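# Architecture and fold: a report
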Amino acid sequence: MTQKTSANSSLPDVLRIITPLLCGLVMLFCAFPATAQVQATGTADFTTNLQQIDGFGFANPFGRSGYLQNSPLIRDAVVDKMFNTVTGAGASILRLGIITDSNIEPNSPGDPNATPTYVWDGNDSGQVWLAQYAQKYGTRRFYQDSWGAPSFMKTNGDTDNGGQICGMPGATACATGDWRQAYANFVVQYAQFYHQAGIPVTDINFVNEPNENVTYASLTLSTAQVVDFEKNYFGPAVQASGLTSLKIVCCDHSNWTGAKQYDTAVNSDPVAAAFVTTYSGHEYGATATSALVTGSTKHSWMSEWASANATAFNDSWDMRENNSTANNGMNLAMDISRALTQGNVSAYLYWYGDSTGATGGFFSLSATSNATSFMLTKRLWALADFARFVRPGAYRVPATTSNSQTVITAFRNTNGNKVINLLNQNTSAVNLLLTLDASTASWLPTTYVTDENNAIAPVSGIAGVTGNTLSVTLSPRSMTSVLLAPPKVSGSVQLLTSATLQKFGDGSYQATVKVSNLGTGTASQVELDSSSLGSAAGDTLPTAPLPYQLGDIAPGSFAIFVVNFPASAGNSGAAAAERYMGSYDGGSFSGSMRAVLPGI
């Protein structure tokens, strides 16, 4: 059903709390049809590592970030659903478009070797604003991707409609000369501007869909041209930039089969490959059903996909359409699962977050500016089943089921907690018995269900672990996320707090805080009650207010969260006391340290 949200919403808080619970009860008592339930078995081995996960996210270029920024009545609610790790999707990667929203070099300097005059408005049509907002939730991965180049650098004299960079091997000669180095500098300069705004871009690519000649910003490049530019111009430019966090991604071909050709060509050239950290591809026309580069140990990303069947707004979870065209939540959940298990990807990035009217995005806004309402699709919650529960740094682990219509993915997070995502494509319920590895015996399951009537709704009574067997009942046509935590054990509790600080473009600070349990017993119901940096009080908003619930922390495990501090905490370079205080069942903890306030 369609969810509409506006600034005038008056739904009482109590209804917001009990609605997911009621949905869960309805599912339990009413969702299962009278047809026979499917019996299935399987395994999950959390002692074996497969690929490491970088994160899950989306892109929001071509003015869409500006739609949000210019709609103050609804923008907070939309962004919260995108990035909140407690109640929203918890997206951990934001893809940013280069030359999709602004052109920092609108005028030619006349010569490729002349000093360029860059123009920067500090906002990039809302992309800077959205990235800064994402930072408040703890998002740390920002992927900057170039769609094209200034017209005077290209063989066709046009920012749009394909073309190559002047000077590339095999390209039409340009009277103005060779612009390859100038273009490499141009792309890196975008990252420099974001860095100055307090947004350290972590990943960058000089060409989006090098195989496509389209009527918007684009470059059409051969594999040889990509390899030449990577090793002789772009790689050295990034290396010389001084941006130590910046890593190169290549090559974002529009479909997975073509991406293999481009990425393999780069990987086969030792000089070009040495500059590249991550290989990437899109899924238009060919999906991620196998690894991008055979034999490579580098991470691979599925960096863009959205349903082609987006001619009308669709907010449903299950339309039971053909897998290649269905514009609904369940199809997206299937595509993410397949990319992880067959494509072995370390990141999955959907196309865009918001738009208006007919859209394949997560949200449909009522206007491109001053929007007063929005509609939310179940596609967001399909991504959230992965993004919220499987955090950066996690490892995918081996998992199987005997039922071909029950798709399983399993992960171990950095704090040791474990996640199993189960997509039931059957029209009847599934009773699943999973054999777990011995180290997961007797762990405690918490379950969340997403289907036509639920959006990551907590549901009790459908899963249990006896010994090393997990039994779980999956409702028809649904996604069930099973979170496994170690059993509580008695013993001493010793909580140690540590933190790292970062400064944002608005002068504020954020601490990434780690609370580790060095004792022999479980710290139950841990919460952060207060924090301060210098004389300024910190808060865990916008994610959730203080006291901030961390849950249980097992012996040898930890919890990580972020605390935001205002600019009044002090100036960069100044020393300040950093304090955190909290409690747990039966005790309290505190951490105090001296900090030097960082710069951007």
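Residues numbered from 1 in each chain as written. Predicted model: local features only at pLDDT ≥ 70, side-chain atom pairs only at ≥ 80, totals over all residues. Heavy atoms only, no water.

## Some words on the environment of Ala576
For clarity, the threshold we go by: Counting from the N terminus, the helices are the DSSP runs of H or I reaching at least four residues and the strands are the DSSP runs of E reaching at least two. We call two residues contacting when some pair of their heavy atoms lies within 4.5 Å.
Its location among the elements puts Ala576 in strand β30 (residues 575-584). In this structure, the C-alpha to C-alpha distance between Ala576 and Glu283, residues 293 residues apart in sequence, is 49 Å. Dropping the residues within four chain positions of it, Ala576 is found in contact with Leu533, Gly534, Met593, Arg594, Ala595 and Leu597.

## A closer look at the packing of helix α6 (residues 223-239) against helix α7 (residues 256-268)
As a reminder of what qualifies: As a rule, the C-alpha atoms of each element are fitted with a line to give its axis, helices using only the stretch in contact, and angles between N-to-C directions run from 0 to 180 degrees. Oblique is the label for any angle not covered by the other classes, which are roughly parallel (under 35 degrees), roughly antiparallel (over 145) and roughly perpendicular (65 to 115). Note on convention: the crossing is left-handed when the near helix lies turned anticlockwise from the far helix by less than a right angle, right-handed when the turn is clockwise. Ten residue types, Ala, Val, Leu, Ile, Met, Phe, Trp, Tyr, Cys and Pro, are classed as nonpolar, four, Asp, Glu, Lys and Arg, as charged, and the remainder, Gly among them, as polar.
Following both chains from N to C, one finds α6 and α7 inclined at 40°, their axes separated by 9 Å at the closest point. Taken as axis vectors, α6 and α7 run oblique relative to one another. Classified by chirality, the crossing of α7 by α6 is right-handed. Judged by residue contacts, Thr223, Val226 and Val227 of α6 engage Gln261, Tyr262, Ala265 and Val266 from α7. For the contact of α6 with α7, a count of residues per class yields five nonpolar, two polar and no charged.

## Let's talk about the pairing of strand β19 (residues 444-450)
Quick note on the threshold: Strands pair, by our definition, only if DSSP identifies at least two bridges between them.
Bridge count between β19 and strand β23 (residues 478-485): seven bridges; the pairing is antiparallel. By the bridge assignment for β23, Val449 is matched with Thr480. Sheet analysis places β19 next to strand β20 (residues 457-459), joined by three bridges and oriented antiparallel. Across the sheet, Thr447 pairs through a bridge with Val459, a residue of β20.

## As for the packing of helix α9 (residues 329-341) against helix α10 (residues 378-387)
Each pair of packed helices gets described by two things: the angle between the helix axes and the distance between those axes. Viewed as axis vectors pointing N to C, α9 and α10 meet at an angle of 30°, and their least axial separation amounts to 7 Å. The orientation of α9 with respect to α10, classified from their angle, is roughly parallel. The handedness of the crossing between α9 and α10 comes out as right-handed. Here Gly329, Leu332, Ala333, Ile336, Ser337 and Leu340 of α9 lie close against α10, whose contacting residues are Lys378, Arg379, Ala382, Leu383 and Phe386. Of the residues contributing to the contact of α9 with α10, the split by class is seven nonpolar, two polar and two charged.

## Regarding the pattern of salt bridges
Counted only if it meets this: A pair is scored as a salt bridge if a Lys or Arg side-chain nitrogen falls within 4 Å of a carboxyl oxygen belonging to Asp or Glu. Buried means the residue's accessible area, taken with a 1.4 Å probe over protein chains only, is under 20% of the maximum for its type, while exposed means over 50%, and partly exposed covers the values in between.
In the structure shown here, the tally under the stated rule is twelve salt bridges. Arg141 is paired through a salt bridge with Asp54; the nearest N and O atoms lie 3.6 Å apart. You can see Arg141 sitting in strand β5 (residues 141-146) and its partner Asp54 sitting in the loop between β2 (38-44) and β3 (55-59), a full 87 residues away along the chain. On the accessibility criterion, Asp54 (9% relative accessible area) is buried. Salt-bridge contacts for Arg95 lead to Asp145; the nearest nitrogen and oxygen are separated by 2.8 Å. In this pair, Arg95 sits in strand β4 (residues 93-98) while Asp145 sits in strand β5, placing the two residues 50 residues apart along the sequence. The buried category is assigned to Arg95, whose relative accessible area is 0%. Judged by its relative accessible area of 0%, Asp145 is buried.

## Brief notes about the sheet that holds strand β10 (residues 347-352)
Spatially, eight strands are ordered β3-β4-β5-β6-β7-β8-β9-β10 in a closed barrel, and the strand pairing comes out parallel. Strand-to-strand twist across the sheet, computed as the mean angle between neighbouring axes with direction ignored, equals 25°. Where strand β9 (residues 299-304) meets β10, two bridges bridge the pair, whose relative direction is parallel. Bridge pairing in β10 places Met302 opposite Tyr348.

## A look at the packing of aromatic side chains
This is how it is decided: Put simply, two rings from Phe, Tyr or Trp (the six-membered ring, in Trp's case) pair if the centres are within 6.5 Å, and we call them stacked under 30 degrees between planes, edge-to-face over 60, tilted for the rest.
Considering all chains together, one arrives at 28 aromatic pairs under this definition. Centre to centre, the rings of Tyr350 and Phe362 are 4.9 Å apart; their planes meet at 25°, and the pair counts as stacked. With Tyr350 in strand β10 and Phe362 in the loop between β11 (354-356) and β12 (363-365), the pair connects residues that are twelve residues apart, well separated along the chain. Per residue, the accessibility class of Tyr350 equals that of Phe362, and both read buried.

## Considerations on the nonpolar core
Where we set the bar: We define a nonpolar core as any set of buried Ala, Val, Leu, Ile, Met, Phe, Trp, Tyr and Cys residues linked to one another through side-chain atoms lying within 4.5 Å.
Counting residues in hydrophobic clusters, the biggest one holds 118 residues, and the most contacted among them are Phe56, Phe83, Tyr183 and Phe234. Residues contacting Phe234, with those up to four places away along its chain left out, are Ala184, Val187, Val188, Ile204, Asn205, Phe206, Phe229 and Ile248. Residues Leu495, Ala511, Ala523 and Ala569 belong to the second largest nonpolar core, which totals 25 residues.

## Regarding the state of the cysteines
Under the convention used in this document: Note on terminology: pairs of cysteine sulfur atoms within 2.5 Å are recorded as disulfides.
In the structure shown here, the tally under the stated rule is two disulfides. The disulfide partner of Cys166 is Cys174, and the gap between their sulfur atoms is 2.0 Å. With the S-S dihedral at roughly -80°, the linkage between Cys166 and Cys174 falls on the left-handed side. Bridging Cys250 to Cys251, the disulfide has an S-S length of 1.9 Å. Disulfide Cys250-Cys251: torsion about the S-S bond near 85°, hence right-handed. Both residues of the pair, Cys250 and Cys251, belong to the buried class. Taken in sequence order, the bonded cysteines of the protein link in the pattern 1-2, 3-4.

## Remarks on the sheet that holds strand β16 (residues 406-412)
By way of backbone hydrogen bonds, the strands of a sheet pair with one another, either parallel or antiparallel. Strand order in the open sheet formed by six strands is β14-β16-β17-β23-β19-β20, and the pairing between neighbours is antiparallel. Each edge of the sheet is formed by a strand with only one pairing partner; in this case those strands are β14 (395-397) and β20. Direction aside, the axes of adjacent strands within the sheet are offset by 30° on average. Where α9 meets the sheet, its contacts fall on β14, β16, β17 (418-424) and β23, and the angle it forms with β16 comes to roughly 60°. α10 rests against β16, β17, β19 and β23 of the sheet, and its axis sits at about 20° to β23.

## Here's the deal with α10
In terms of burial, α10 is largely enclosed, as ten of its ten residues are buried. Of all the positions in α10, only Lys378, Arg379, Leu380, Trp381, Ala382, Leu383, Ala384, Asp385, Phe386 and Ala387 are classed as buried.

## Considering the confidence of the model for the protein
Using the following cut-off: Each residue gets a pLDDT score, which is the predictor's confidence in that residue and runs from 0 to 100.
Summing up the model confidence of the protein, the mean pLDDT is 93 and the portion of residues at 70 or higher is 92%. Counting contacts from residues 1-34, a segment whose pLDDT is below 50, to residues more than four positions away or on other chains yields 50 contacts.

## Overview of the pairing of β23
Looking down a regular strand, the side chains alternate between one sheet face and the other. The element β23 is extensively covered by neighbouring structure, given that six of its eight residues are classed as buried. Examined bridge by bridge, β17 and β23 share seven bridges and lie antiparallel to one another. Within the sheet, the bridge partner assigned to Asn421 lies in β23 and is Ser481.

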